[in-house]
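Structural features, examined
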Amino acid sequence: MEHLRTQLKNIDGKGYKAYKQLEGCYHFQTYSLTIDHVQGDPFAQPSRLSILVSNEDALLAPELFTSKVRRVAAEDFLARAVATAIKKHAKGDRGIGKSGEIRIETSGQQVLVRNSLLIEAGSIEARITIGLPAAGRTILAKEAEDIFFIELPNIIAQGLFFSNLDQSRFKIHVESVEDQDYLRKQLLQNKLSAFVADNALLPRQSGIDDRPLQKNVIPFLSPESLACSFTLPNRGKIRGMGIPCGVTLIVGGGFHGKSTLLHALERGVYNHIPGDGRELVVSDRTAVKVRAEDNRSITNINISPFIDHLPFARDTNCFSTENGSGSTSQAANIIEALEDEATLLLIDEDTSASNFMIRDQRMQQLVTNAKEPITPFLHRVQEIHTTLGVSSIIVMGGSGDYFEVSDTVIMLDSYTALDVTLKAHALVDEKSIQKTQSSLASLLKHQVRRPNIEQLNPARGRKAVSIDAKSKITLLYGHHDIDLSKVEQLIDIGQTRSIGLLIYFYATNYASSTNSLNAGLKMALAAVEEKGLDMLSIWKTGTLALPRLHEVAAAINRIRGK
Ligand code: ADP
Ligand code: MG
């Protein structure tokens, strides 16, 4: 510790590069500080540091991390506590560039597996970044000394020592996440694809702000006929709406809360922080939002179950395009979701291609089936459930055709959910039941497909490995710019970073030894889940978050051919 102070005095006023001399480990009274990497200049990515505190000093209650899910929740809580302490104790910007900035990566409304804070082997490790202060390119050692000897000790004490933390909130955080995990695991064995608890608060502040809407919110209440209850390990008995496996429609007038409910189900694959309002809204962890995605690139997908007989006899058994249409992209998104072993498809009419979703009787009379390449989802959705066991939840306010292929129909009426299944089924005219069904193309099967390994080469220019998440939705991988803007269940840039590294890991270790993308990715993700995110990176970082298999596959599937 005093060694660090002396080092700082020695480099005061020198050129920025002299900060490099600080790399190494320093022992403070209750923690050790390692300066893992020093940035090259004040404008570069800030320097990376890690702080290791033994639990003999931090004194976290051991029951907070007895299982994996509890540990992840506790890590999430601590990272947020460190972030709060940074806000309070870091003086902030001083000097130029990123001088004085202190950061730790945390999640938004969800609790993700991250590597910014780890509880391991009786210790807590926090990984932060600091912009080492400078005026011009001259080291401001006094400012740095304040950071290391005043601000950081306060941040560590307030963020990591149990006696200074809000212990009851900590306990609630961990128990809530454990309950959510438990609840999600109950779904399939109870033949449910999703569950929305009574009193859940679904609407968000805005399309870009995932925090709960505060004013005039109608809490969710299950209709009696769909109500079911669970006994959670911590919270005890809860009641809510169970959405059965099968085909479920969400109907209702415009602006009555349909998309809001579906959005909550999309996010229901993740655990949420207490106070989010969606803590007890869960869907099966393999649920995939499927939408139309004009212009997306599609490579070697068998979309023939939905689209066949294209003009110029284009082959749809192995379809590729650099520029998908609404319907071809939505078909590809569904086939890929099935390939990734999704058990639940989530579809909103707002983001669907209407010709992919429906084709009514009159249109069938005018444009005969022989002339129409598209078999609408309407004609396959039931079969997808009966033959593949994959459920669908579809927001559909605009067409009653779906009544006849649905098992459950939920109406939202001024944000109140009603079970209108019987009413909707009573409206179905027996004679109109899918006449086209018998003439459908061959059945859907899980495709066994492998990406072109050469496409997964991460080299760019002179760099042998160039992988960089420019933003949550833009991944640079080798010479590819992968557009993830329509991959709606990707929620954090840390996941995007991990996706880039996972593609490389998959390409190097599993792509050629496995016969399908799905099998290889499963192995890659299993390794990461077992050994931790750190195995993906050659440097120690705290910037990664764990994605699902679906989002990793989505990135690979969007790589453009050229
Ligand atoms: P729809 O898809 O049926 O047209 P939306 O889900 O887009 O409707 O919701 C319309 C508006 O109502 C949104 O601004 C949303 O935030 C708000 N909203 C949704 N659910 C609730 C609720 N339970 N209480 C209050 N406002 C809500
Ligand atoms: Mg809507």
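Scroll up for the structure.
My aim in this report is to walk through the structure given alongside it, one point at a time.

**A short note on the overall build of the protein**
A tally of helices and strands in the protein yields 14 helices and 27 strands. Compactness check: the protein gives a C-alpha radius of gyration of 26 Å against a globular reference of 24 Å for 562 residues, within 12% of the reference. Here the protein, with 562 residues, has 56% of them falling under the buried criterion. Put simply, 70% of the contacts in the protein that link residues at least 6 apart link residues at least 24 apart. Carbon and sulfur atoms make up 52% of the accessible area of the protein, which totals about 24,600 Å².

**Things to note about the site of ligand 1**
The environment of ligand 1 is made up of 13 residues, and the closest members are Ile218, Phe255, Lys258, Thr260 and Tyr415. The backbone of phenylalanine 255 places a nitrogen or oxygen atom 2.6 Å from an oxygen atom of ligand 1. Residue lysine 258 places a side-chain N or O atom 2.8 Å away from an oxygen atom belonging to ligand 1. Coverage of ligand 1 by the protein amounts to 79% of the 570 Å² it exposes when considered alone.

**Some thoughts on the packing of helix α12 (residues 493-509) against helix α14 (residues 549-557)**
If you want to describe how two helices pack, look at the angle between their axes and the distance between the axes. Between α12 and α14, the least distance of the axes is 10 Å, while the angle of their chain directions is 75°. Looking at the two axes, α12 sits roughly perpendicular to α14. Taking contact as the criterion, the partners of Ile499, Leu502, Ile503 and Tyr506 in α12 are, on α14, Glu551, Val552, Ala555 and Ile556. Along the lines of polarity and charge, the residues of the contact of α12 with α14 split into seven nonpolar, no polar and one charged.

**A short note on the nonpolar core**
In a soluble, globular protein the nonpolar side chains are often hidden away together inside. Leu4, Leu8, Tyr19, Phe148, Leu160 and Phe170 are the most contacted members of the largest nonpolar core, which totals 60 residues. With near-sequence residues (within four places) excluded, leucine 8 lies in contact with Tyr19, Leu22, Ala141, Ala144, Glu145, Phe148 and Phe149.

**Things to note about the side chain of glutamate 151**
Within the secondary structure, glutamate 151 sits in helix α4 (residues 141-160). Beyond its immediate stretch of four places on either side in the chain, glutamate 151 contacts His89, Ala90, Lys91, Arg94, Ile102 and Asp146.

**Some details on the packing of aromatic side chains**
This model, assessed by the stated rule, comprises 10 aromatic pairs. Ring centres of phenylalanine 162 and phenylalanine 170 lie 5.9 Å apart, and the angle between their planes is 65°; on these two criteria the pair is classed as edge-to-face. One exposure class covers both phenylalanine 162 and phenylalanine 170, and it is buried. Each ring, one from phenylalanine 306 and one from phenylalanine 356, has its centre 5.1 Å from the other, and the planes form 55°; the classification is tilted. One end of the pair, phenylalanine 306, is in the loop between β19 (298-301) and β20 (319-321); the other, phenylalanine 356, is in helix α8 (residues 354-357), and 50 residues separate them in sequence. Phenylalanine 356 gets classed as buried once you look at its relative accessible area, which sits at 0%. What links up through ring pairs into an aromatic cluster is the set Phe28, Tyr31 and Phe149. The ring of phenylalanine 149 has arginine 5 lying over it, and the distance from NZ or CZ to the ring centre is 4.0 Å.

**Some thoughts on the sheet that holds strand β23 (residues 408-413)**
The six strands are arranged β18-β21-β22-β15-β23-β24 in an open sheet whose pairing can be described as mixed. Each edge of the sheet is formed by a strand with only one pairing partner; in this case those strands are β18 (287-289) and β24 (416-419). Shown here is a sheet whose adjacent strand axes are inclined to one another by a mean of 20°, direction ignored. Of the pairings in the sheet, the one linking strand β15 (residues 247-251) to β23 comprises four bridges and is parallel in character. Among the inter-strand pairings, isoleucine 250 is bridged to a residue of β23, identified as isoleucine 410. Strand contacts of helix α6 (residues 258-267): β15, β18, β21 (344-348), β22 (391-395) and β23, with the helix running at about 150° to β21, the strand carrying the most contacts.

**Regarding the coordination of the magnesium ion (ligand 2)**
Summarising the metal site, the magnesium ion (ligand 2) is bound by the protein donors Ser259 (OG) and Asp350 (OD), whose distances to it range over 2.1 to 2.2 Å. With a gap of 91 residues between them, serine 259 in helix α6 and aspartate 350 in the loop between β21 and α8 connect regions that are remote in the sequence.

**Quick word on the packing of helix α3 (residues 68-89) against helix α5 (residues 167-186)**
Between α3 and α5, the least distance of the axes is 9 Å, while the angle of their chain directions is 140°. Regarding the angle of α3 to α5, the classification is oblique. Seen along the crossing, α3 lies across α5 with a hand that is right-handed. When α3 is examined against α5, the residues Val69, Arg70, Ala73, Ala74, Asp76, Phe77, Leu78 and Arg80 are found in contact with a partner set consisting of Arg169, Phe170, His173, Val174, Glu175, Val177, Glu178 and Asp181.

Thresholds, definitions, all that
Residues numbered from 1 in each chain as written. Chains lettered and ligands numbered in written order. Predicted model: local features only at pLDDT ≥ 70, side-chain atom pairs only at ≥ 80, totals over all residues. Heavy atoms only, no water. Helix = DSSP H or I, 4+ residues; strand = E, 2+ residues; numbered from the N terminus. Rg over C-alpha atoms; globule rule 2.2 N^0.38 Å. Buried < 20%, exposed > 50% of the residue type's maximum accessible area, 1.4 Å probe, protein only. Contact = heavy atoms within 4.5 Å. Areas by Shrake-Rupley, 256 points an atom, 1.4 Å probe, with all protein chains shown as cover. Near = heavy atom within 4 Å. Polar contact = N/O pair within 3.5 Å; in protein donor to acceptor, adjacent residues only side chain to side chain. Axes fitted to C-alpha atoms, helices over the stretch in contact; angles between N-to-C directions. Parallel < 35°, antiparallel > 145°, perpendicular 65-115°, else oblique. Nonpolar A, V, L, I, M, F, W, Y, C, P; charged D, E, K, R; others polar. Core = buried A, V, L, I, M, F, W, Y, C linked by side-chain atoms within 4.5 Å. Phe/Tyr/Trp six-rings, centres within 6.5 Å; stacked < 30°, edge-to-face > 60°. Lys NZ or Arg CZ within 6 Å of the ring centre and 35° of its normal. Pairing = 2+ DSSP bridges. Donors = N, O, S within 2.8 Å, 3.2 Å for Na, K, Ca; no water. Left-handed = near helix turned anticlockwise from the far one by under 90°.

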